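Below, each chain spelled out in residue letters.
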Amino acid sequence: MTSPAPQQDTFRTLLRSQKVWDTELPAFDAARDPALAPAEPLPLFHAWFAEAVAAGQPEPHTMQLATVAEDGGPDVRTVMLHDADGHGWHFATHASSTKGRQLAARPEAALHFYWAAQGRQIRVRGRVTTAPHAESLADLHARSTGALAAALVGRQSEILPSYGELERSSAAAWERARAEPDADAPTWTLYVLDPVEAEFFQGDAQRRHVRLRYRKSGDGWVKELLWP
């Protein structure tokens, strides 16, 4: 068996020297009694999100979106949360993008939030539906000029011949977005994930992590603790 290259040793040393949750972690009352948690996951998500913002968590509104690829394997990327309400968790992309095509073929997905500032994770899984185009546009127009410009560029996931072509397309899209703040982006689509399961993970310095799972059952939710 050959020895690892010096570069590999350097990487491993660097990797193993990293600290996890080098801060005081909050308690989670549900560890002692799940009945203390809200009856459904949305209010707890809203509360934890507000606490993540208050704790200084960078970009707490970003999340990982996992879908099923065309070959049946998993696929994942980071996207932005647009809303979380009684209908579900909202995000958007081009229907013509890779993830858009994957969701059209199999409208199921999972979301993952990681808020290191408090040692917290949230996982949400469920079926995905598309909002009407007017609603998708309203959501887009409520965002920044940059968001509209990016949507107007389009062609997401297509092969890019050169970075210069992107620069030219982006410049034209920014100009149009400033001149037409209500411009249409035909393939831009708002998606809503209706959860069937949601898990709230609270890290613990003693590795006694708390995992509270909400599982949809009929018109309500079942709450249960999981081994870490």
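All values reported here derive from a predicted model rather than from experimental measurement. Per chain, residues are indexed from 1 in the order of the written sequence. Local features in a predicted model are, by the rule used here, given only for residues with pLDDT of at least 70; side-chain atom pairs are given and counted only at 80 or more, and totals for whole chains, interfaces and linings are based on all residues. Hydrogens and water are ignored here; the side-chain numbers use all heavy atoms of the structure.

Side note on the packing of aromatic side chains
Convention followed: A pair of aromatic rings is counted whenever rings of Phe, Tyr or Trp (Trp by its six-membered ring) have centres within 6.5 Å, and the orientation is called stacked for planes under 30 degrees apart, edge-to-face for over 60 and tilted otherwise. The helix count covers DSSP runs of H or I at least four residues long, the strand count covers runs of E at least two residues long, and both are numbered beginning at the N terminus. Each residue's exposure class comes from its accessible area (1.4 Å probe, protein chains only) as a fraction of the maximum for that residue type: buried when under 20%, exposed when over 50%, partly exposed otherwise.
As enumerated under the stated definition, the model contains twelve aromatic pairs in all. Seen in terms of ring centroids, Phe 45 and Trp 89 are 5.3 Å apart; in terms of plane orientation they differ by 75°. Their pairing is edge-to-face. With Phe 45 in helix 2 (residues 41-54) and Trp 89 in strand 4 (residues 88-94), the pair connects residues that are 44 residues apart, well separated along the chain. Summarising the aromatic geometry, the rings of Tyr 214 and Trp 221 are spaced 6.3 Å apart at their centres and angled 85° between planes, so their arrangement reads as edge-to-face. A single burial state applies to Tyr 214 and to Trp 221, both of which are buried. A network of ring pairs unites the aromatic residues Phe 28, Trp 48, Phe 200, Tyr 214 and Trp 221 as a single cluster.

Quick notes on the pairing of strand 7 (residues 188-202)
Convention followed: Here, a strand pair is defined by DSSP locating no fewer than two bridges between the strands.
In terms of burial, strand 7 is largely enclosed, as 13 of its 15 residues are buried. Judged from the eleven bridges that link them, strand 6 (residues 120-130) and strand 7 form a sheet pairing that is antiparallel. Its bridge partner lying in strand 7, Arg 125 is registered against Glu 197. Where strand 7 lies against strand 8 (residues 210-217), six bridges are found, and the strand directions are antiparallel. Note that in strand 8 the partner of Glu 197 across the bridge is Arg 215.

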